[in-house]
Amino acid sequence: MSIPFSGTLRRSGGVVSAIGKQLKSVNLKGVKRVTVQFDPFAENVKSTREFLFLLSTPKVTQTNPKCVVKTDIVCDRQPAQIKFSLIESAQELAKAKEIRFRSSNLSTLELLQLYNKHVSTLAPPEEIATKVLTKAEKQKIAGGGGGKKAPKKK
């Protein structure tokens, strides 16, 4: 008698693949400004700096080129924090002007998960662009043959 198999067939990819998975769904469309404030001499600042790096990657910044990412480096032993200033439509959904994360005791993965849960969901839905038809496409739809006309016989 054998014990039935339970579990996964392979091991998980670990923290790096989990960060990559969360990073794919990061969306800055609902954010006007991101302010990252930290003390570089504090103990728990590494995850905040990594989150700042991940927010400034080209793939993430292309989601909203108008979003400003600002870094405030302070030397007053304050805990690290990340502040997201929202656009007007996102403010109405969240009923708040900004969202703050106290990031000193959070890992990079937890910061990404919290961002996707609380901020990325506030992004306005994408508008479907109408396709502009060319003259030839309009004639095909209307049933016109298009092209040159045959010469008339006399």
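Please refer to the structure placed before this passage.
Computed from a predicted model, the values in this text were never measured in an experiment.

**What to know about the overall build of the protein chain**
Right, on to step 1. Across its full length, the protein chain carries 6 helices and 4 strands.
Right, on to step 2. Ordering the α and β elements of the protein chain from the N terminus gives α-β-α-α-β-β-α-β-α-α.
Right, on to step 3. For the protein chain, the spread of C-alpha atoms along the three principal axes comes to 95 × 65 × 30 Å.
Right, on to step 4. The 154 residues of the protein chain split such that 31% are buried.
Right, on to step 5. Pairs at least 24 apart in sequence give 73% of the contacts found in the protein chain among residues at least 6 apart.
Right, on to step 6. Here the protein chain contributes 28 positive and 12 negative side-chain charges, whose respective centroids are spaced 17 Å apart.

**A few points about the nonpolar core**
Looking at soluble globular proteins, one finds that nonpolar side chains tend to be buried together.
Right, on to step 1. Val34, Phe84 and Tyr115 are the most contacted members of the largest nonpolar core, which totals 28 residues.
Right, on to step 2. Taken together, the elements giving at least two residues each to this core come down to strand 1 (31-38), helix 2 (46-55), strand 3 (81-86), strand 4 (98-102) and helix 5 (108-118).

How each quantity is defined
- Residues numbered from 1 in each chain as written.
- Predicted model: local features only at pLDDT ≥ 70, side-chain atom pairs only at ≥ 80, totals over all residues.
- Heavy atoms only, no water.
- Helix = DSSP H or I, 4+ residues; strand = E, 2+ residues; numbered from the N terminus.
- Buried < 20%, exposed > 50% of the residue type's maximum accessible area, 1.4 Å probe, protein only.
- Contact = heavy atoms within 4.5 Å.
- Lys, Arg positive; Asp, Glu negative; His and termini not counted.
- Charge placed at Lys NZ, Arg CZ, Asp CG, Glu CD.
- Core = buried A, V, L, I, M, F, W, Y, C linked by side-chain atoms within 4.5 Å.

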